[in-house]
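Coordinate analysis (summary)
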Amino acid sequence: MVAFVLFFLISFADLSQQAEWSYYYETEWPGICRTGTQQSPINIMTQSAVLDENHTHIKGPLQFRGYNSVKVRGENNGHTLKWGVDGQESQPVLSGGPLNGTYTFMQFHLHWLSEHAIDGMKYPLEVHMVHVKTGLELSEALQRPDGVAVIGTFALIGRHRGASYALEQIMSDVPYLSDRTQNKTDEFDIDLTRMFSPDTQSYYTYQGSLTTPNCEEVVTWIVMDRPIYITDDQYKAFYSVDVGSSYNYRSLQPSNRIVYRSVASCSAILMPSFAGTIISLLSCLSSTLTSGINKGICAILNAKRKILGNSIKHCSELH
């Protein structure tokens, strides 16, 4: 009888842990995940993103301090692999860009596939670097609309030499953390800048939420538009990790708010689709230049129409 009761309690505890929340059942997520109006992630449409030429929202360059050498521990929390700081005295600090004040680095974690999309296209993986408003505990930050800042960096799979560089520091942890019953790894030193986008001033930004329960709408998102690279073997390693499902990304949420893009994003665009790249480039061009391109295309088409005996359009009317 005692053995039966013990078995029942263990089974119930295991069931409760699994039932906490799952990527398979997003409609059952707690908090404001189903009722919030500024949820994340979203599909970022490059053509509708507002270029902040006058620096009204993005007031200056992003500033990164102390990211070159950070002591972290790895952990499988049942939903992702994350590496966080254990309250060390000197932690990395983020400021500038769209942020008001400074934000202290807490942890980074991974999503496969990416959570955000660019023009409907997903990346194989997305790194999230989570920061909390300096001076606040996480519980306090979750009560403020500007309490959290998250940098999202996409990853593409590459075959070139050096493709393993960005994630190389953490890959030895992955086999150990594949089993989510394991404890945290030993503390080790990491250079977080290796996971930075090639151009940290080239990004999209918007106000949104955490992408896990309770989905608090307290996040200033900074989504880098230039990806890092990982190898195919590194990517495959994450699919053997037990995170409760075969993937760990939240579904896209309504894009019902303004998304800003930094000025630098116009000079360095690299997205999963060729069409997306063209659209993004055109959205960055001045109206005069765009008009000139349209007229040039019109002139070429008119030459074709003349050969075919079709009526010619007035290119001067194009704007």
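Residues numbered from 1 in each chain as written. Predicted model: local features only at pLDDT ≥ 70, side-chain atom pairs only at ≥ 80, totals over all residues. Heavy atoms only, no water.

Using the following cut-off: UniProt positions are given in the numbering used here, feature names are shortened, and annotations may be inferred rather than shown by experiment.
As recorded by an unreviewed UniProt entry, the chain carries the name Carbonic anhydrase and is attributed to Arctia plantaginis. A UniProt comment under Sequence similarities (unreviewed entry) is attached to the chain, and it reads "Belongs to the alpha-carbonic anhydrase family." What the UniProt record of the chain gives under Cofactor (unreviewed entry) is the line "Zn(2+)".

1. Some thoughts on the state of the cysteines
Rules: Cysteine sulfur atoms are paired as a disulfide whenever they come within 2.5 Å of each other. Per the convention used, a helix needs a DSSP run of H or I reaching at least four residues, while a strand needs a run of E reaching at least two, with both numbered from the N terminus. Residue exposure (1.4 Å probe, protein chains only): buried if accessible area is under 20% of the type maximum, exposed if over 50%, otherwise partly exposed.
Taken as a whole and judged by the stated rule, the model has one disulfide. In this model, Cys33 is linked to Cys215 through a disulfide, with the two sulfur atoms separated by 2.0 Å. Between Cys33 and Cys215, the S-S dihedral sits near 90 degrees, and the bridge is therefore right-handed. Note that Cys33 is positioned in the loop between helix 1 (2–19) and strand 1 (43–44) and Cys215 in the loop between strand 12 (203–208) and strand 13 (219–224), a separation of 182 residues in sequence. Accessibility expressed as a relative area gives 7% for Cys33, which makes it buried. Its relative accessible area of 0% is what places Cys215 among the buried residues.

2. What about the pairing of strand 10 (residues 148–157)?
Using the following cut-off: At least two bridges found by DSSP between two strands is the condition for calling them paired.
The element strand 10 is largely enclosed, with a buried count of nine among its 10 residues. Looking at chain direction, strand 9 (residues 125–133) and strand 10 are connected through eight bridges and run antiparallel. Within strand 10, the residue paired with Met129 across the bridge is Ile151. Pairing analysis gives five bridges linking strand 10 to strand 13, with the strands arranged parallel. Within strand 13, the position partnered with Val148 by the bridge is Val219. Sheet topology places strand 10 next to strand 14 (residues 228–230); three bridges connect them, and they run parallel. Considered in strand 14, the bridge of Ile157 is made with Ile230.

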